[in-house]
Amino acid sequence: MQQKCVQCSKKAAISLPYGPHSFCKEHFLHFFEKKVRKTIRENRLVQGREKLVVACSGGKDSCTTLYLINKIFSRSNPVEALLIDEGIPKYRDKALDIAKENCKAWGVPFKCVSFKEEFGFTMVDVMRKTGPKKNIGSTCAFCGVLRRKLMNKYARKMKAGKLATGHNMDDEAQSVLMNVCEADLQRFARLGPASGIVKSGGFVPRIKPLWLCPEIEVIAFAKYSGIKHYDKQCCPFKWQAKRNDFRGILNHLEASYPGTMFSILRFLQQTKPLVAKEKARDFKLNNCLSCGEPTSGKVCTACKQVELIKKK
Ligand code: SF4
Ligand SMILES: [Zn+2]
Ligand SMILES: [Zn+2]
């Protein structure tokens with residue numbers, strides 16, 4: 001039977017697998033944007049007229065985040081984009097071209113930072129020295145740590161009040177499960193729509209406006225809004241990511257039991273305050289002896305990784 005929009009009875013363009021959620025294109029766009037606005041409002045993700053910097057990789061999630069943050073806040077808050085180039089040919093270069101196009105079309109100033117300029121090597125160099133049988137960790141583990149370091153360092157230099165990332169519901173549910181399986185309470189406590197356990201001048205607080213948006217909804221929103229993004233191919237190193245297994249397991253569970261990912265986020269919301277309180281007690285923040293960035297140890301993980309790569 002042809003599904004109808006629950007709002008206007010027109011022919012539905014999208015039917016979501018949970019709840020009475022069949023929408024025509026127009027009402028789906030409204031439903032999605034309303035959900036993002038609600039996430040921002042209820043979690044107080046933005047305060048006053050602070051500057052909002054959006055980390056944009058050129059993919060659907062970060063382009064959608066930039067589009068909505070700019071749409072909602074550009075009249076009240078300065079909005080800028082931060083583009084990180086890990087140096088992955090035929091992938092990130094193409095994605096960043098689209099991110100830059102979007103920034104120009106939407107009038108958003110942007111800053112581009114590269115691994116090559118910052119660390120002296122690209123992810124292709126990292127890939128040659130890491131991964132299976134190299135015994136120093138997966139390529140993606142290096143990429144994630146180094147990218148997060150640059151995001152914080154440059155968001156701070158750009159005087160951001162908040163750094164918005166494109167993490168969606170699927171990403172977050174995967175992170176919860178990964179942290180549970182690794183018994184990593186410290187990381188678990190940092191999850192949620194607003195990250196962090198302790199406040200520090202060195203850390204720019206991160207926010208996730210798409211926190212309650214499943215990936216299928218982000219894909220549909222980007223498509224129906226005409227948001228350009230890179231979706232031609234995955235990162236060539238993605239096969240190494242541990243996250244792939246967790247994505248597979250959760251997609252399987254979600255297909256069998258719709259609403260599983262939402263329940264995982266509810267579980268996080270209920271447990272995070274208790275865990276964060278406990279973890280904040282023994283969390284000490286120092287400045288990295290090598291680069292000065294905030295870290296819980298003496299030298300930050302990114303500096304240790306850079307050292308390892310340069311030594312190999
Ligand atoms: S898949 Fe891995 S190497 Fe590729 S961009 Fe993501 S984290 Fe980096
Ligand atoms: Zn409708
Ligand atoms: Zn450091």
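Quick caveat, the model's predicted, so the values are computed rather than measured.

Caption draft 1: The arrangement of the overall build of the protein chain in detail. Of the regular secondary structure elements, the protein chain holds 12 helices and 9 strands. In summary, the protein chain has a C-alpha radius of gyration of 20 Å against a globular reference of 20 Å for 312 residues, a match within 12%. Here the C-alpha coordinates of the protein chain stretch approximately 65 × 45 × 40 Å along the principal axes. Per-residue burial over the protein chain gives 50% buried out of 312 residues. Considering only contacts within the protein chain whose residues lie at least 6 apart along the sequence, 70% involve residues at least 24 apart. Distance between charge centres in the protein chain, computed from 57 positive and 28 negative side chains, equals 2 Å.

Caption draft 2: Layout of helix α12 (residues 301-311). The complete set of buried residues in α12 reads A302, C303, Q305, V306 and I309. Viewed end-on, α12 has its buried residues packed into an arc of 160 degrees, placing them on one side of the element. In this structure, the buried side of α12 is in contact with α4 (115-119), α5 (123-129) and α6 (139-157).

Caption draft 3: Up close: the coordination of the zinc ion (ligand 3). Within the protein, the zinc ion (ligand 3) binds to C288 (SG), C291 (SG), C300 (SG) and C303 (SG); these donor distances fall in the range 2.3 Å. Given 4 donor atoms and angles of 104 to 115 degrees at the metal, the environment of the zinc ion (ligand 3) is assigned as tetrahedral. Given the relative accessible area of 13%, C303 is considered buried.

Caption draft 4: The packing of aromatic side chains, seen in detail. Inspection of every chain in the model, using the stated rule, returns 11 aromatic pairs. Where F23 meets F28, the ring centres are 6.5 Å apart and the plane angle is 50 degrees; that geometry is what we call tilted. No difference in accessibility class separates F23 from F28, as the two residues are buried.

Caption draft 5: Main features of the coordination of the zinc ion (ligand 2). Looking at the zinc ion (ligand 2), one finds its protein donor set to be C5 (SG), C8 (SG), C24 (SG) and H27 (ND1), positioned 2.1 to 2.4 Å from the metal centre. Here the zinc ion (ligand 2) binds 4 donor atoms, and the angle range of 99 to 115 degrees at the metal identifies the geometry as tetrahedral. Sequence spacing of the donor residues for the zinc ion (ligand 2), all on one chain, is C-x2-C-x15-C-x2-H. Residue C8 is found in the segment before β1 (14-15), and its partner H27 is found in helix α1 (residues 25-42); the two are separated by 19 residues along the sequence. Here C8 falls in the partly exposed class, since its relative accessible area comes to 30%. On the basis of relative accessible area, H27 is assigned to the buried category, the value being 18%.

About the cut-offs
Residues numbered from 1 in each chain as written. Chains lettered and ligands numbered in written order. Predicted model: local features only at pLDDT ≥ 70, side-chain atom pairs only at ≥ 80, totals over all residues. Heavy atoms only, no water. Helix = DSSP H or I, 4+ residues; strand = E, 2+ residues; numbered from the N terminus. Rg over C-alpha atoms; globule rule 2.2 N^0.38 Å. Buried < 20%, exposed > 50% of the residue type's maximum accessible area, 1.4 Å probe, protein only. Contact = heavy atoms within 4.5 Å. Lys, Arg positive; Asp, Glu negative; His and termini not counted. Charge placed at Lys NZ, Arg CZ, Asp CG, Glu CD. Arc of directions from axis to C-beta. Donors = N, O, S within 2.8 Å, 3.2 Å for Na, K, Ca; no water. Tetrahedral: all angles 85-135°; square planar, octahedral: opposite > 155°, others 65-115°. Phe/Tyr/Trp six-rings, centres within 6.5 Å; stacked < 30°, edge-to-face > 60°.

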